[in-house]
Amino acid sequence: MSYSLYKFHRKPSHSNLKEIPGVSIIKPLTGLDTNLYENLKTFFNLQYPRYELLFCVQEHDNELIDLIERLREEYPDVDSQLFVGSQKFSSGDKLLKNDTMDIKNPKIYNMLPAYEKAQYPYILISDSGLLMHEHTLYDMVMCMTDNVGLVHQMPFTCDRKGFAASVEKVYFGTQHARMYMTINLIGINCVTGMSCLIRKECIDRVGGLRAFGHYIAEDYYIAYEVAKQGWKLRVASTPAQQNSGEYSVSTWIDRMIRWCKLRMRLSPLAYLEPLQECFSSAILAGIVTNYLFEWNALVVAACHILIWFILDYLMLRITQGGALPFSKFEFAIAWLLREFSSFYIYFKAFTGSSIVKWRGKEYRLGSGTRAEELSSLPLPPPAPSLLVESSSSTTLSSSSSSNSTLPVAGPHLLSSSSSSTKQSSQLV
Ligand SMILES: CCCCCCCC/C=C\CCCCCCCC(=O)N[C@@H](CO)[C@H](O)/C=C/CCCCCCCCCCCCC
Ligand SMILES: O=c1ccn([C@@H]2O[C@H](COP(=O)(O)OP(=O)(O)O[C@H]3OC[C@@H](O)[C@H](O)[C@H]3O)[C@@H](O)[C@H]2O)c(=O)[nH]1
């Protein structure tokens, strides 16, 4: 709690904006979410001197493309490009079908062409459901001091209507925030890839984003690699504002089961997670104090739960940085539901199959979240080349990939060499 209080919602230090490096913001998109227009719009309004927006549409979707085009027309001064999935890999490119066959992570697959085109030294991987405050990019860059290689936002949520939104906010602002901040405070890699500002050189050094394509938990491996190269990982001063329009308690539970399955394969410590929940630790505290001091176990457990509940409320207020959008009564109900549903989530993750469903596709998780897809990714078509639509013109580009060595199983990556060249020419 103290670390969050120290970390969050602080004003960034002032510095000479001209010295700030450019940022290539990669937005992997899969579908038309209710809030997508509103969310993407915030990226065109960022108060930052030099950035480009690289939109990646996984599969051809006219409505989604129209929405992005509308925004790009509204903001002609913002440098942006659109990469459409079905047109991105071609026989004409050096990034050939065979080179992409080993990429199982669909988010990585989707982002590849944008990464190849990114022109700035920093890249920001930013998930589709995020809304960004106009100063957040600047704040994140300010956190990227000389020894820092990756700045990540702790996942949190915007204020949205409905009980499901309250449950999500309570989860991300209490249990998740507590663990996320604690683990980061003690310097262990705990990075969620929802909103990550990364020095591009760190990724280039291992052959580009494709080097992480084997794993579903690409975020963990990216952070692992950055740290291995001697850089520090830092939590940003503002939490990520998830603002997806499609949410419900069951969607949240399914997502948490998927995340838990990932963590189980990243660290055996994940199996101890149930022990750090309020009710299980209350039972343990009751038993232990009864054994040691003969205290009344029920009273100890009740006090434990009450104190925990109050501290969780404070933690949520700290993460929110202001008033909550629901009453204390609603907080209590959402908190109880969150606490009890956690055991269901652990049970399903620990005892369920190794298959996870992500955006309609299924993947079998192997060791270290190494993935084997059960429903295939869209294969590269025999089209002439990679189509890139830029804000000023439409260009035909050929991109190249590296001859990188890909990560090995388990939470370790092998360093590899990389070489990449880029060319582009006007479309006639
Ligand atoms: C007696 C109590 C023992 C408590 C042991 C607690 C072990 C906790 C382990 C993990 C909790 C992490 C929760 C953070 C949220 C991560 C969200 C997430 O799942 N994100 C995934 C999807 O984006 C992502 O791929 C994973 C990222 C990081 C996973 C980190 C796993 C290693 C954790 C090792 C922790 C040791 C902590 C010990 C200290 C308190
Ligand atoms: O098939 C897919 C799935 C997802 N994505 C993109 O990946 C991003 C995250 O997807 P979701 O919002 O569905 O999933 P999550 O929030 O659970 O992802 C999170 O957990 C898993 C990690 O690997 C991700 O880095 C992290 O963002 C979105 O921008 C989405 O559009 C793809 O581009 N293709």
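Per chain, the residues get numbers from 1 upward, laid out in the order the sequence is written. Each chain is given a letter, starting from A, and each ligand a number, starting from 1, according to the order in which they appear as written. Totals for whole chains, interfaces and linings use all residues, but because this is a predicted model, local features are given only for residues with pLDDT of at least 70 and pairs of side-chain atoms are given and counted only at 80 or more. As a rule here, side-chain values cover all heavy atoms of the structure and leave hydrogens and water aside.

The chain is annotated in an unreviewed UniProt entry as ceramide glucosyltransferase of Rotaria sordida. UniProt positions are given in the numbering used here, feature names are shortened, and annotations may be inferred rather than shown by experiment. You can read under Subcellular location (unreviewed entry) in the UniProt record for the chain the words "Golgi apparatus membrane". Annotation of the chain in UniProt includes, under Sequence similarities (unreviewed entry), the sentence "Belongs to the glycosyltransferase 2 family."

Colleague: Looking at this structure, I do not really get the overall build of the chain. What am I missing?
Modeller: Regarding its fold elements, the chain presents 14 helices and 16 strands. A burial count over the chain gives 55% of its 428 residues as buried. Contact criterion: two residues are considered in contact whenever any of their non-hydrogen atoms come within 4.5 Å of each other. Pairs at least 24 residues apart make up 80% of the contacts formed inside the chain by residues separated by at least 6 positions. Each accessible area value is a Shrake-Rupley result obtained with a 1.4 Å probe; residue values ignore everything except the protein chains displayed when judging cover. Looking at the chain as shown, the accessible area adds up to about 18,800 Å², and 59% of this sits on carbon and sulfur atoms. The numbering of helices and of strands both runs from the N terminus, where a helix is a DSSP run of H or I of at least 4 residues and a strand a run of E of at least 2. Exposure classes here rest on a 1.4 Å probe applied to the protein chains alone. A residue is buried below 20% of its type maximum, exposed above 50%, and partly exposed in between.

Colleague: I would appreciate a short explanation of the site of ligand 1 in the present structure.
Modeller: Note on definitions. A residue lies near a molecule or strand when any single heavy atom of the residue is within 4 Å of it. If you check the shell around ligand 1, you find 18 residues, and the closest are Thr192, Asp219, Arg263, Leu269 and Glu273. Between ligand 1 and aspartate 219, the relevant distance is 2.6 Å, taken from an oxygen atom to a side-chain nitrogen or oxygen of the residue. Mapped onto the shell around ligand 1, the elements with two or more residues apiece are α8 (175–185) and α11 (249–266). No other element matches the four residues that α11 contributes to the shell around ligand 1. N or O atoms closer than or at 3.5 Å make up a polar contact, with two conditions inside protein: a donor-capable atom paired with an acceptor-capable one, and, for residues adjacent in sequence, both atoms drawn from side chains.

Colleague: Explain the packing of helix α7 (residues 163–173) against helix α13 (residues 297–320) to me, please; I cannot follow it from the model alone.
Modeller: In a packed pair of helices, the relevant descriptors are the angle between the two axes and the axis-to-axis distance. Axes, fitted as lines to C-alpha atoms, cover a helix only where it is in contact. Angles between the N-to-C directions of the axes lie from 0 to 180 degrees. Packing of α7 against α13 leaves a shortest axis separation of 8 Å and a crossing angle of 95°. As summarised for this structure, α7 and α13 are arranged roughly perpendicular, according to the angle between their axes. Across the interface between the two elements, Lys169, Val170 and Gly173 from α7 touch Met315, Leu316, Thr319 and Gln320 from α13. When the residues that make up the contact of α7 with α13 are grouped by side-chain class, the tally is three nonpolar, three polar and one charged. To sort the angles, those under 35 degrees are grouped as roughly parallel, those over 145 as roughly antiparallel, those from 65 to 115 as roughly perpendicular, and the leftovers as oblique. Three classes are used, and their members are as follows: Ala, Val, Leu, Ile, Met, Phe, Trp, Tyr, Cys and Pro are nonpolar, Asp, Glu, Lys and Arg are charged, and the others, Gly among them, are polar.

Colleague: Can you walk me through the site of ligand 2 in this structure?
Modeller: Around ligand 2, the structure places 19 residues, and the nearest of them are Pro28, Gln58, Asp127, Glu218 and Arg359. Between ligand 2 and serine 128 there is a distance of 2.8 Å, counted from an oxygen atom to a backbone nitrogen or oxygen. Here an oxygen atom of ligand 2 sits 3.0 Å away from a polar atom, N or O, in the side chain of tryptophan 358. In the complex, 96% of the free accessible area of ligand 2, which totals 650 Å², lies under the protein chains. Classifying every residue of the shell around ligand 2 gives seven nonpolar, five polar and seven charged.

Colleague: I'm lost on a nonpolar patch on the surface in this one. Help?
Modeller: On the surface, Met1, Leu306, Ile307, Ile310, Leu311 and Leu314 cluster together into a nonpolar patch covering about 530 Å² of accessible area. As for its position among the elements, methionine 1 is in the segment before α1 (2–7). Here the term patch refers to residues with relative accessible area over 30% and no salt bridge, with like charges joined within 9 Å and nonpolar side chains (Val, Leu, Ile, Met, Phe, Trp, Tyr) within 5 Å. When a carboxyl oxygen of Asp or Glu lies within 4 Å of a side-chain nitrogen of Lys or Arg, that pair is called a salt bridge.

Colleague: Teacher, can you tell me more about the packing of helix α2 (residues 36–44) against helix α3 (residues 62–74) here?
Modeller: It is the contact of α2 with α3, at a shortest axis distance of 11 Å, that shows an interaxial angle of 35°. Taken as a pair, α2 and α3 cross one another with a handedness that is right-handed. Only Leu64, Leu67, Ile68, Arg70, Leu71, Arg72 and Glu74 of α3 make contact with α2, whose side of the interface consists of Leu36, Tyr37, Leu40, Lys41 and Phe44. Among the residues making up the contact of α2 with α3, the classes are represented as eight nonpolar, no polar and four charged. Handedness of a crossing follows from how the near helix is turned relative to the far one, being left-handed for an anticlockwise turn of less than a right angle and right-handed for a clockwise one.

Colleague: Is there a simple way to explain the sheet that holds strand β12 (residues 361–365) in this structure?
Modeller: A pair of strands counts as paired when DSSP detects no fewer than two bridges linking them. With antiparallel pairing, the three strands of this open sheet are ordered in space as β11-β12-β13. Either end of the sheet is taken by a strand with one partner, and the two such strands are β11 (355–358) and β13 (371–373). Sheet twist, expressed as the mean angle between neighbouring strand axes with direction ignored, is 35°. Direction of pairing for β12 relative to β13: antiparallel, over a ladder of three bridges. Within β13, the residue paired with leucine 365 across the bridge is alanine 371. Relative to β11, α11 is tilted by about 135°, and along the sheet it contacts β11 and β12.

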